[in-house]
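Each chain, written out:
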Amino acid sequence: MTHAAEFATIDAVRDFNRFYTNFLGVLNKAYLDSPYTLTDVRVLFEVGFRGGVAASALTRELHLDPAYLSRIVKRFREDELIETTPDPSDARSQIIKVTDKGQAQFEEFVRRSRAQIAGYFERLAIGEPERIVSAMRTIQDTLGGDENTAAPAIIRSHRPGDIGWIVQSQARFYTEEFGWDDRFEGLVAEVAGKFLSNFNPKKDRCWIAERGGLKVGSAMIADGGNGVAKLRLLYVDKAARGLGLGKLLVDECIRFSRGAGYAKLSLWTNDILDTARAIYVKAGFKLMAEERHCMFGPELNGQTWELDL
């Protein structure tokens, strides 16, 4: 990255920080129409959510100066929102718990905070709240995420709206990653549309992989006729690579196809998709045919693979 690009990136982050602090009202003296600051409310949130917490833990986790926290605790005690007792594990600290009045105030802050966010989202178009949440999770996972504590992935059946996501996500990925043109999006839309139009739950199935509430993968089984199942539109988002989701989705396709009574599972792919091809080979698929084509712009080598069930 050049110095100019690096500075532009840093300035963009700083601009976002200024926007977001203003958006949340971080610098306001009163937060959520209360006599308390954002830091005050954050402290009450932590105490209320946990049902009690050591002051030393709050200074460490919230990066607060002990003297500053002490002033907040003193004010809350005067307002009868909290009560404190000595910390048996640290003579220099104390255990902070909310009173009944503090619990009521905490619950009111939660209600106001949710109403505030709901008010922002109500003004947005369909799909925009999800896009915002996705961007927030991307920032959180990228800058502060820990793979060991990240939410596990789940695989579920499709719901209304999922098929549209499949078309959008795959069209965007293959266009950006491989330079394929609009004809690929047209093909995906055609396959997805036929799946919905001809859907038979006994013979067809679509799986969606989710992680932390976000869709990160998909696969379909469609009836190809004559006892052949078609594995279509296998996809794993870049944000979920390395988790083994591709293998899990293919395993689900094989399991369902056998249970549905198919004799053979067939798929069509392109040889540049190395990761997917490796999954097919490991699962026991055999290469049946190859052909050069330019269906999506660049010249590609299409492949047909089959698995006897």
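The structure we're discussing is the one just above.
Calculation notes
- Residues numbered from 1 in each chain as written.
- Predicted model: local features only at pLDDT ≥ 70, side-chain atom pairs only at ≥ 80, totals over all residues.
- Heavy atoms only, no water.
- Salt bridge = Lys/Arg side-chain N within 4 Å of Asp/Glu carboxyl O.
- Helix = DSSP H or I, 4+ residues; strand = E, 2+ residues; numbered from the N terminus.
- Buried < 20%, exposed > 50% of the residue type's maximum accessible area, 1.4 Å probe, protein only.
- Pairing = 2+ DSSP bridges.
- Contact = heavy atoms within 4.5 Å.
- Axes fitted to C-alpha atoms, helices over the stretch in contact; angles between N-to-C directions.
- Core = buried A, V, L, I, M, F, W, Y, C linked by side-chain atoms within 4.5 Å.
- Polar contact = N/O pair within 3.5 Å; in protein donor to acceptor, adjacent residues only side chain to side chain.
- Patch = residues over 30% accessible without salt bridge, like charges linked within 9 Å, V, L, I, M, F, W, Y side chains within 5 Å.
- Areas by Shrake-Rupley, 256 points an atom, 1.4 Å probe, with all protein chains shown as cover.
- Arc of directions from axis to C-beta.
- Parallel < 35°, antiparallel > 145°, perpendicular 65-115°, else oblique.
- Left-handed = near helix turned anticlockwise from the far one by under 90°.
- Nonpolar A, V, L, I, M, F, W, Y, C, P; charged D, E, K, R; others polar.

Peer 1: Break down the pattern of salt bridges for me, citing the residues and quoting the values.
Peer 2: Enumeration according to the criterion identifies 21 salt bridges in this entry. Taking the shortest distance from any N to any O, the salt bridge between E61 and R50 comes out at 2.2 Å. You can see E61 sitting in helix α3 (residues 55-61) and its partner R50 sitting in helix α2 (residues 38-50), a full eleven residues away along the chain. Here R50 falls in the partly exposed class, since its relative accessible area comes to 38%. Between R156 and D162 there is a salt bridge, with its nearest N and O atoms 2.7 Å apart. Each member of the pair, R156 as well as D162, carries the same accessibility label: buried. Each of R42, E46, R50 and E61 takes part in a single network of salt bridges with overlapping partners.

Peer 1: Any details on the sheet that holds strand β3 (residues 94-98)? Residues and values, ideally.
Peer 2: A sheet is described by the order of its strands in space; here three strands give the open sequence β1-β3-β2, paired in antiparallel fashion. Every interior strand has two partners, whereas the edge strands, β1 (53-54) and β2 (82-86), have only one. Strand direction decides the pairing type here: β2 and β3, joined by five bridges, are antiparallel. Bridge pairing in β3 links T85 to I95. Seen against the sheet, α2 touches β1, β2 and β3 and runs at an angle of roughly 85° to β3.

Peer 1: Which residues make up the nonpolar core, and what are the values?
Peer 2: Counting residues in each nonpolar core, the largest one holds 46 residues, and the members touching the most others are I221, L231 and F285. Those residues in contact with F285, other than ones at most four positions away along the chain, are L231, V250, I254, L265, L267, Y280, W305, E306 and L307.

Peer 1: Lay out the side chain of S93 with the relevant residues and their values.
Peer 2: Structurally, S93 is set in the loop between β2 and β3. Of note is the side chain of S93, whose polar atom sits 3.4 Å from the backbone nitrogen of A55. From its side chain, S93 meets the backbone nitrogen of S56 in a polar contact 3.1 Å long. Those residues in contact with S93, other than ones at most four positions away along the chain, are A54, A55, S56, P86 and D87.

Peer 1: Break down the side chain of E46 for me, with residues and values.
Peer 2: Within the secondary structure, E46 sits in helix α2. One polar contact links E46 to R50, side chain to side chain, over a distance of 3.1 Å. Aside from chain neighbours lying at most four places away, what touches E46 is L58 and L62.

Peer 1: Tell me about a nonpolar patch on the surface, and name the residues and values.
Peer 2: On the surface, a nonpolar cluster with roughly 520 Å² of combined accessible area is contributed by F16, F19, F23, I139 and L143. For the nonpolar patch, the secondary structure elements donating two or more residues are α1 (3-24) and α6 (128-144). A total of three residues in the nonpolar patch trace back to one element, the largest contributor, which is α1. With respect to the secondary-structure elements, F23 resides in helix α1.

Peer 1: With reference to specific residues and values, describe helix α10 (residues 274-283).
Peer 2: Within α10 the residues assigned to the buried category are A276, I279 and Y280. Angularly, the buried residues of α10 cover 95° about the axis, an arc narrow enough to put them on a single face. Among the exposed residues of α10, those oriented more than 90 degrees off its buried face are T275 and K282.

Peer 1: Quick rundown of unusual backbone geometry? Include the residues and the values.
Peer 2: For E80, which is not glycine, the phi dihedral falls at a positive 65°. Among the secondary structure elements, E80 is positioned in the loop between α4 (66-78) and β2. Although it is not a glycine, N226 sits at a positive phi angle of roughly 55°.

Peer 1: Before we move on, could you go through the packing of helix α9 (residues 245-259) against α10 and cite the residues and values that matter?
Peer 2: The interhelical angle for the contact between α9 and α10, taken along N-to-C directions, is 45°, at an axis separation of 10 Å. When the interaxial angle is binned, α9 and α10 end up oblique. Read as a crossing pair, α9 and α10 show a hand that is right-handed. Contact residues: G246, K247, V250 and I254 in α9; I279, Y280 and A283 in α10. Of the residues assigned to the contact of α9 with α10, the class counts are five nonpolar, one polar and one charged.

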